[in-house]
Amino acid sequence: MRIKIIIIFLLLVLPGSVSFAQNKVVTISGLVKDQAATTVLPFVNVVVKTASDSTLVAGTVTDEEGRFSLTNIKPGNYSLEISFIGYFTRRQPLFVGSLSEFLDITTIELAPNAKALSEVEVTGKQAAVSERMDKKTFSVEDNISQNGGSVLQTMQNLPGVTVQDGKVQLRGSDKVTVLIDGKQTGLTGFGNQTGLDNIPASAIDKIEIINNPSAKYDANGNAGIINIIYKKNKQEGFNGKVGFTTGLGSLWERAANLPTIRPQYQATPKINPSLALNYRKNKMNAFFQGDYLYTQTLNKNEFVTRTYNDGTIIQQQTKRNRNTGFLTLKSGIDWNIDAQNIFTISGLYGREKIIDRGDEPFFNADLSERLRLWQFLEDELKTTAVASAAYQHKFKQAGHLLNIGFNYTFHREDEKYFFDNILPTYTGEDAFKLISDEHVADFNLDYTKPLKYGRLEGGFKFRKRDIPTNMQFFPGLNSPLDVNAGGEATYKEIIPALYGNYVFENPKYEAEIGVRLEYVDLQYEVNPNHPTYKSNGYNYTQPFPNVRLAYKLNDLNKISLFYNRRVDRPNEVDIRIFPKYDDAEIIKVGNPELRPQFTNLLEAGYKTSWASGYFYTAAYHRFADNTITRIASIVPGSNLIYAIFQNIDKSYNTGLEAVLTQEVTPQYSFNLNLNGYRNQINGFTVENKYPVLHTFTAEKQEIFSGNIKLNNTFRLPKNLEAQITAIYLAPDLIPQGKIDSRFSLDMGVKKSLQNGKGELFLNAADLLNTMVIKREIQGAGFQYISTDYYETQVIRLGYSYKF
């Protein structure tokens, strides 16, 4: 095993691959004046030419105020030529970088009847081969092998991303903040990520992965930020896109049920119709995006063997057949009041209906005696409504912006659980009902000022978040439910924040230095009759700095250094006091005494490019205080396992990521991503207070792990494209144990039809049905091994048409 780990780690230092975001075009602006009179000069000719051969790239004339703006300039080295009758023509080098979408040349003076002024260097955006290395952007439609699925399924094929337990991980951590169009919403969660498996990918334009967020972003999420950008068309007139996808999952049974339970789902249907509409005329642009995703899934099919120190062995299975219907609607209007002012109002509505039918049998070691059968029906409805208003003022200088926004989110969770607790001598019928209403108001103000050598950014954000919850238990005969742990609880959070960010760039050096100052006040009010927990909370005022320094060896090679400090605030579900009984004997409970986890990140990156590809690598080290994780333990005299969130002191994550993209021929290209890391959790001792006070101690855990992803793209005759994606995930560290290796193979093909307006695709996720999750957990007085054969294999067929 040690040799395997060493081999895997050595492989991970080989070139890897990914597809990076970069500013492909830049807007250049400036002001032209008379050198002697210092008055503005209207109608001056301004021309951009290539530095190498003086080929004309773009041209314009100054307006009546002497200002000019040139759009769609690609990064590179140019010559800027300014000419006017009665003045000497001025020529100066123009360097267009890649850090800013807008480049301000400030004031250019023309000399009447005098020698041209000395040369001036201008920076702002570098060549396309040398981007910032802090963000990667992926087009959803290019992910052929996962077209037609959910956002979560799409992400699992992206370089640098892994998926575990329904959550996205970046570099081995699930502490990720998920945004929709740059904002947090109830659809994806304001703390812990949620709901990604039910958002249709057909609604999404692109996905941004930000490993090193600037001070402009909320400080929450130590692993980084994922920004999901919805589709929005701005073509003139009426246009849109309609699509329909269908599919089947769980094509064959991977593991037979334990005796005496209901059948598991097979050949599960998937349906996803989608419609996008856009109408633009004059100053108004109206947009609409509607998607419905219906799926049946074998959501869980986990087999667990629990072994206790007294020799007791319990065999159990948790099988969950799930029906989900998820509707998302997004609509809004952009009003271009004039050339300097834009006002946008938009709304987002989501309705997710989940029906789970589950069976959980418990047997002795040789399956000769059934000890218990726990059957449940979960009826859950999640409703989300988001209202947004945004105003943008464009100053006369291109890229000089003021943005003001307000967002209000309402998110309701209405859960009903019904249980049949079937034992040899009696049957009990139990139930509980949970209502949670989340109200979030966000106000933000952002200011951007382009400079000759970069830009300044600053802003303010204020958030108020309230979540009243109410859990009601309805016990039956000899009920196992802890009815005293129900009642009401209210989560209240206020976060004002200020930030400032400075970006500098010249032909050799780049720097980005910023800081975000956050004040957080969180109060959690608990039912005074709760047997264990009382009202609690915390507050802090903390700075969160970010630094990025870069040196450009030349136009094709760059080195970058990063430092980032971030926080993971416990989300409401992490501190929720109510026990969760979807597993009858491994019970999950929140902890209102949780405190924030603070994380520091150091990273060094290098990127080199050539005509047909590029290579990128980064070494990183993360170290966290007050690490948040679940701890599983038992109490004296019971075989029930309680999994409770705790702060466990320090943890470390050190690794190397490598990416390689290469177009081998016009017909074939590949993208290889390798990530190897070492995870360490220091030894700790914690007190679990629920259901009774007991202590848990663990020794230091560490492991070398990583993952490999290979995307192969084939461009075939007759407008055909094909993709094959292979994913390998090495064994990894989890709290109190490890998760074994995993592998999957995805394939897809698409064909362009009807002069590019139509598209037909066919794909298969986890074609070989090999993605199985196996965990080994070691606790005080027990250990258990679980193997989950949940649904991963899906075949989809879809068609879309643009009009």
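None of the values given here were measured: they were computed from a predicted structure.

Chemist: Looking at this structure, how should I read the environment of glycine 249?
Modeler: Mapped onto the secondary structure, glycine 249 falls in strand 14 (residues 237-249). Given a relative accessible area of 0%, glycine 249 falls into the buried group. Between the alpha carbons of glycine 249 and aspartate 420 there is a distance of 28 Å; along the sequence they are 171 residues apart. The residues touching glycine 249, leaving out its near neighbours within four places in the chain, are Gln266, Ala267, Thr268, Lys270, Glu791, Gln793 and Val794.

Chemist: Help me understand the sheet that holds strand 2 (residues 45-50), please; the structure alone is not making it clear to me.
Modeler: Pairing between sheet strands relies on hydrogen bonds along the backbone, with the strands arranged either parallel or antiparallel. Strand order across the open sheet formed by four strands is 3-2-5-6, with antiparallel pairing between neighbours. Where the open sheet ends on each side, the last strands, each with one partner, are strand 3 (56-61) and strand 6 (90-96). For this sheet, the mean inter-axis angle between neighbouring strands, taken without regard to orientation, is 20°. Where strand 2 meets strand 5 (residues 76-83), six bridges bridge the pair, whose relative direction is antiparallel. Note on strand 5: the bridge partner recorded for asparagine 45 is serine 83.

Chemist: Whenever I open this one, the sheet that holds strand 12 (residues 204-210) confuses me. Can you help?
Modeler: Across the sheet, four strands lie side by side as 8-12-13-11; this open sheet has mixed pairing. Every other strand in the sheet has two partners, leaving strand 8 (135-139) and strand 11 (176-180) as the edge strands with one partner each. Pairs of neighbouring strands in the sheet enclose a mean axial angle of 15°, with direction left out of account. When strand 11 meets strand 13 (residues 224-230), the two strands line up parallel, connected through five bridges. Looking at the pairing, isoleucine 180 lines up with isoleucine 228 of strand 13.

Chemist: Looking at this structure, I do not really get the side chain of glutamate 438. What am I missing?
Modeler: In this structure, glutamate 438 sits in strand 21 (residues 427-451). Within polar-contact distance, the side chain of glutamate 438 engages the side chain of arginine 465 at 2.8 Å. Not counting residues within four places of it along the chain, the set of residues in contact with glutamate 438 comprises Phe190, Thr409, Phe410, His411, Arg465, Asp466 and Ile467.

Chemist: What exactly am I supposed to notice about the pattern of salt bridges here?
Modeler: Two side chains bearing opposite charge may form a pair once their charged atoms approach each other closely. Taken as a whole and assessed by the stated rule, the structure comprises 40 salt bridges. In this structure, glutamate 81 and arginine 91 form a salt bridge, with 3.1 Å as the shortest nitrogen-oxygen distance. Separated by 10 residues along the polypeptide, glutamate 81 in strand 5 and arginine 91 in strand 6 bring together distant segments of the chain.

Each value, and the rule that gives it
- Residues numbered from 1 in each chain as written.
- Predicted model: local features only at pLDDT ≥ 70, side-chain atom pairs only at ≥ 80, totals over all residues.
- Heavy atoms only, no water.
- Helix = DSSP H or I, 4+ residues; strand = E, 2+ residues; numbered from the N terminus.
- Buried < 20%, exposed > 50% of the residue type's maximum accessible area, 1.4 Å probe, protein only.
- Contact = heavy atoms within 4.5 Å.
- Pairing = 2+ DSSP bridges.
- Axes fitted to C-alpha atoms, helices over the stretch in contact; angles between N-to-C directions.
- Polar contact = N/O pair within 3.5 Å; in protein donor to acceptor, adjacent residues only side chain to side chain.
- Salt bridge = Lys/Arg side-chain N within 4 Å of Asp/Glu carboxyl O.

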